[in-house]
Amino acid sequence: MDKPKSLYLVKNSSGRTLHVWAASSTQAKRIFCKEYGIRPGDYWCGLSDLTARKLTPAEVEAWEAQAEADRDTLVFIKGMLEIGAKAYAERGRAV
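In this text the structure is predicted, and so the values were computed from the model without any measurement.

Peer 1: Describe the overall build of the chain, naming the residues involved and giving the relevant values.
Peer 2: Secondary structure summary: the chain contains two helices and three strands in total. In sequence order, the chain lays out its α and β elements as β-β-α-β-α. Over its C-alpha atoms the chain spans a radius of gyration of 19 Å, topping by over 25% the 12 Å that the globule rule assigns to 95 residues. Projected onto its principal axes, the C-alpha positions of the chain cover 60 × 35 × 30 Å. Buried residues in the chain amount to 24% of all 95 residues. Pairs at least 24 apart in sequence give 31% of the contacts found in the chain among residues at least 6 apart. Of the roughly 7400 Å² of accessible surface on the chain, a fraction of 57% belongs to carbon and sulfur atoms. For the chain, the distance from the average site of its 15 positive side-chain charges to the average site of its 12 negative ones is 6 Å.

What follows is the structure, given as structure tokens:
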């Protein structure tokens, strides 16, 4: 039987953060390493350099509410970039 997953906030010493759904803090750290292309065994930036904190239910709720707004913002930005790229391509054909 799988252990239920919780939301963890994983940080490295330089301040980079990632919210991760994982069954344990070690698994959350490994997911962080995989996401950023870090070797987990690396002494300076691997698992030993990372901290993972399990978020409280209130923090999870706040993060989920903010995540929806962040997704909407990213969709808007992507759309604006596509419009700009299309206009640039059309301008290049017209010259």
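Alright, that's what it looks like, and here's the rest.
Peer 1: I'd like to hear about the pattern of salt bridges, residue by residue, with values.
Peer 2: Going through the model one piece at a time under the given rule, you end up with two salt bridges. Between R39 and D42 there is a salt bridge, with its nearest N and O atoms 3.6 Å apart. We classify R39 as exposed; its relative accessible area is 60%. Of the charged contacts in the structure, one is a salt bridge between E59 and R53, with a shortest N-O distance of 3.1 Å.

Peer 1: Give me the lowdown on the packing of aromatic side chains, citing residues and values where you can.
Peer 2: Evaluated as defined, the whole model comprises two aromatic pairs. An angle of 85 degrees between the planes, with centres 5.0 Å apart, marks the rings of Y43 and W44 as edge-to-face.

Peer 1: So what's going on with the nonpolar core? Residues and values would help.
Peer 2: As a rule of thumb, nonpolar side chains are buried together in soluble globular proteins. The biggest cluster of nonpolar side chains holds eleven residues, and these are Y8, V10, L18, V20, A22, A28, F32, C33, I38, L47 and L50. Those elements giving two or more residues to this core turn out to be β1 (6–11), β2 (17–22) and α1 (25–36). Ignoring anything within four residues of it in the chain, the contact list for I38 reads F32, C33, C45 and G46.

Conventions we followed
Residues numbered from 1 in each chain as written. Predicted model: local features only at pLDDT ≥ 70, side-chain atom pairs only at ≥ 80, totals over all residues. Heavy atoms only, no water. Helix = DSSP H or I, 4+ residues; strand = E, 2+ residues; numbered from the N terminus. Rg over C-alpha atoms; globule rule 2.2 N^0.38 Å. Buried < 20%, exposed > 50% of the residue type's maximum accessible area, 1.4 Å probe, protein only. Contact = heavy atoms within 4.5 Å. Areas by Shrake-Rupley, 256 points an atom, 1.4 Å probe, with all protein chains shown as cover. Lys, Arg positive; Asp, Glu negative; His and termini not counted. Charge placed at Lys NZ, Arg CZ, Asp CG, Glu CD. Salt bridge = Lys/Arg side-chain N within 4 Å of Asp/Glu carboxyl O. Phe/Tyr/Trp six-rings, centres within 6.5 Å; stacked < 30°, edge-to-face > 60°. Core = buried A, V, L, I, M, F, W, Y, C linked by side-chain atoms within 4.5 Å.

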